[in-house]
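Coordinate analysis (summary)
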Amino acid sequence: NDHVRLSSSLSYNDAELDSDSPMITNIETGLMTFAPAGSQLPGSRRWQMSNVITISNEIGGLPVSFSATHQYASSTITDFAVQAELGSYNLVDLRLDIAISDTVNAGLFINNVADNREAVLLNPAVAGFGPRQFIINRPRTVGLNLSIGF
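Report on the accompanying structure. Residue numbers restart at each chain and count upward from 1, following the sequence in its written direction. Local features in this predicted model are restricted to residues whose pLDDT is 70 or higher, and side-chain atom pairs enter the listing and the counts only when it is 80 or higher, whereas totals over whole chains, interfaces and linings include all residues. Derived side-chain values reflect all non-hydrogen atoms in the structure, with water molecules and hydrogen atoms excluded from consideration.

**Considerations on the sheet that holds strand β12 (residues 141-148)**
For two strands to be treated as a pair, DSSP must find no fewer than two bridges joining them. Secondary structure follows DSSP: runs of H or I at least 4 residues long count as helices, runs of E at least 2 residues long count as strands, and numbering of each begins at the N terminus. In space, the six strands of this open sheet follow the order β1-β4-β5-β8-β9-β12, with antiparallel pairing throughout. The sheet is open, and its two borders are formed by β1 (4-12) and β12, each paired with just one other strand. The average angle at which neighbouring strand axes cross in this sheet is 10°, direction not considered. Inspection of the sheet shows β1 paired to strand β4 (residues 47-59) by nine bridges, in the antiparallel sense. Looking at β4, one finds that R5 is bridged to T54. Convention adopted: a line fitted to C-alpha atoms gives each axis, helices being fitted over their contacting stretch, and angles between N-to-C directions are expressed from 0 to 180 degrees.

**As for unusual backbone geometry**
The phi torsion at Q83 lies on the positive side, around 55°, for a residue other than glycine. At N112, a residue that is not glycine, the phi angle is positive and equals roughly 55°. The buried label goes to any residue with under 20% of its type's maximum accessible area, the exposed label to any with over 50%, and the partly exposed label to all in between, with areas taken from a 1.4 Å probe on protein chains only. The buried category is assigned to N112, whose relative accessible area is 4%.

**A short note on the side chain of H70**
Mapped onto the secondary structure, H70 falls in strand β5 (residues 62-73). Any N or O atom pair separated by 3.5 Å or less is treated as a polar contact, with the protein-specific requirement of one donor-capable and one acceptor-capable atom, and with residues adjacent in sequence counted only for side-chain atom pairs. A polar side-chain atom of H70 sits 2.7 Å from a polar atom in the side chain of N90. Every residue pair with non-hydrogen atoms within 4.5 Å of one another is taken to be in contact. Residues within four places of H70 in sequence aside, it is in contact with M49, S50, N51, N90, L91 and V92.

**Here's the deal with the packing of aromatic side chains**
Ring geometry is summarised as follows: Phe, Tyr and Trp rings, the Trp one being its six-membered ring, pair when their centres sit within 6.5 Å, and such pairs are stacked at plane angles under 30 degrees, edge-to-face over 60 and tilted between the two. Tallied over the full model, the rule gives one aromatic pair. Here Y12 and W47 contribute two aromatic rings whose centre-to-centre distance is 4.7 Å and whose plane-to-plane angle is 50°, an arrangement assigned as tilted. Of this pair, Y12 sits in strand β1 while W47 sits in strand β4, and the two are 35 residues apart along the sequence.

**Here's the deal with the pattern of salt bridges**
We define a salt bridge as a contact between a side-chain nitrogen of Lys or Arg and a carboxyl oxygen of Asp or Glu at a distance within 4 Å. For the structure on display, the rule yields four salt bridges. Salt bridges sharing partners connect three or more residues here, namely D14, E16 and R46.

**Examining a nonpolar patch on the surface**
There is a patch of nonpolar side chains on the surface, built from V4, L6, I53, I55, F66, L96, L108, V142 and L144 and spanning about 800 Å² of accessible area. Of all the elements in the fold, those that place two or more residues in the nonpolar patch are β1, β4 and β12. Among the secondary structure elements, L108 is positioned in strand β9 (residues 104-111). To count toward a patch, a residue needs a relative accessible area over 30% and no salt bridge; like charges are then connected within 9 Å, while nonpolar side chains (Val, Leu, Ile, Met, Phe, Trp, Tyr) are connected within 5 Å. Note on areas: Shrake-Rupley, 1.4 Å probe, and residue coverage restricted to the protein chains presented here.

**Considerations on the pairing of strand β8 (residues 89-99)**
Two elements, β5 and β8, share 10 bridges in a ladder whose sense is antiparallel. Looking at β8, one finds that S65 is bridged to D97. Across six bridges, the pairing between β8 and β9 is antiparallel. Residue A99 lies in a different strand from β9, and its bridge partner there is N105.

**Looking at the environment of P131**
Note on placement: P131 falls in the loop between β10 (119-123) and β11 (133-136). Sequence separation of P131 and I53 is 78 residues, and the distance between their C-alpha atoms is 41 Å. Ignoring sequence-local partners within four residues, the contact set of P131 consists of N123, P124 and A125.

In short, the description is geometric, and any link to function would need to be established separately.
Structure representation (structure tokens):
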């Protein structure tokens, strides 16, 4: 159908250490440690997937499009020393756009529809200076945008 567009991407990343890492200091405990051969590289998510479907048509003579986006990322570790896990997550975004005229467009969007809160980064604790802080993805966001071309 000329009015429906679907695109997907899938990636697999088998990023591992070929040999044991040198001794490293765990910033949270101050203890020396190492990562054994075969350890997943920090921040490298084995699986990532993205899907987008866009449906375009006219309503009342005005061009309208609806799109839904899905993103998936598998779990990973933060670094070799601390090795805190960052879990896998799914995010879904929705968008509805309408061309009001040749130069005016309006759009309604909902990002992170399910309001999934997942850690995507870690600021490790530093002994005596501050606690461990996980950075989470953006919460559900609902908005409207209006654009005028000139």
